[in-house]
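Commentary on secondary and tertiary structure
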Amino acid sequence: MSYVIELLDAVKAAHAMPSYYRLAKVMGIRPNVISEFRSWRRFPDSQAMARLSELSGRPLGEVVLAVGVERILRDEGAPPAFVTLRQQLRAAWVDQAAA
């Protein structure tokens, strides 16, 4: 699963939002944009990344880095270094969430 999807799901759950529609409204974006994020047709822009950082409590730098890695994975296939980086980011996020 992608970092963006995991982050969207975590924010939705942490704030007990009943739907992605509600998440979109809280983020100040159109509901169809969440669907585009989830399908990798679109990635969060700077404002959406800042809002996701704020809502999730994740550092903005982590969110920006992870979104950038996912863009590279989508656009360039799966360069091994970026696959590894994505795995490291996911592991760090899971470890912090468990703490």
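None of the values given here were measured: they were computed from a predicted structure.

Secondary structure assignment for the protein yields 6 helices and 0 strands. For the protein, the sequential pattern of α-helices and β-strands runs α-α-α-α-α-α. Summarising its shape, the C-alpha atoms of the protein cover approximately 35 × 35 × 20 Å along the three principal directions. Residues classed as buried in the protein amount to 36% of the 99 residues present. Taking contacts inside the protein between residues at least 6 apart in sequence as the whole, the part at least 24 apart equals 52%. For the protein, the accessible surface area stands at approximately 5,500 Å², while carbon and sulfur atoms represent 56% of it.

Remark: helix α1 (residues 3-14) packs on helix α2 (residues 20-27), axes separated minimally by 10 Å, with the N-to-C direction vectors making an angle of 90°. In this view, α1 runs roughly perpendicular relative to α2, as classed from their interaxial angle. Seen from α1, the contacting residues are Leu8, Asp9, Val11 and Lys12; seen from α2, they are Tyr20, Leu23 and Met27. Of the residues assigned to the contact of α1 with α2, the class counts are 5 nonpolar, no polar and 2 charged.

With that settled, consider the pattern of salt bridges. Summed over the entire model, instances satisfying the criterion amount to 5 salt bridges. Here Glu36 ties to Arg42 by a salt bridge, and the two come within 3.1 Å at their closest N and O atoms. Across the pair Asp75 and Arg74 runs a salt bridge whose closest N-O atoms are separated by 2.7 Å. Here Asp75 falls in the exposed class, since its relative accessible area comes to 51%. For Arg74, a relative accessible area of 36% gives the class partly exposed.

Reading the values: the criteria
Residues numbered from 1 in each chain as written. Predicted model: local features only at pLDDT ≥ 70, side-chain atom pairs only at ≥ 80, totals over all residues. Heavy atoms only, no water. Helix = DSSP H or I, 4+ residues; strand = E, 2+ residues; numbered from the N terminus. Buried < 20%, exposed > 50% of the residue type's maximum accessible area, 1.4 Å probe, protein only. Contact = heavy atoms within 4.5 Å. Areas by Shrake-Rupley, 256 points an atom, 1.4 Å probe, with all protein chains shown as cover. Axes fitted to C-alpha atoms, helices over the stretch in contact; angles between N-to-C directions. Parallel < 35°, antiparallel > 145°, perpendicular 65-115°, else oblique. Nonpolar A, V, L, I, M, F, W, Y, C, P; charged D, E, K, R; others polar. Salt bridge = Lys/Arg side-chain N within 4 Å of Asp/Glu carboxyl O.

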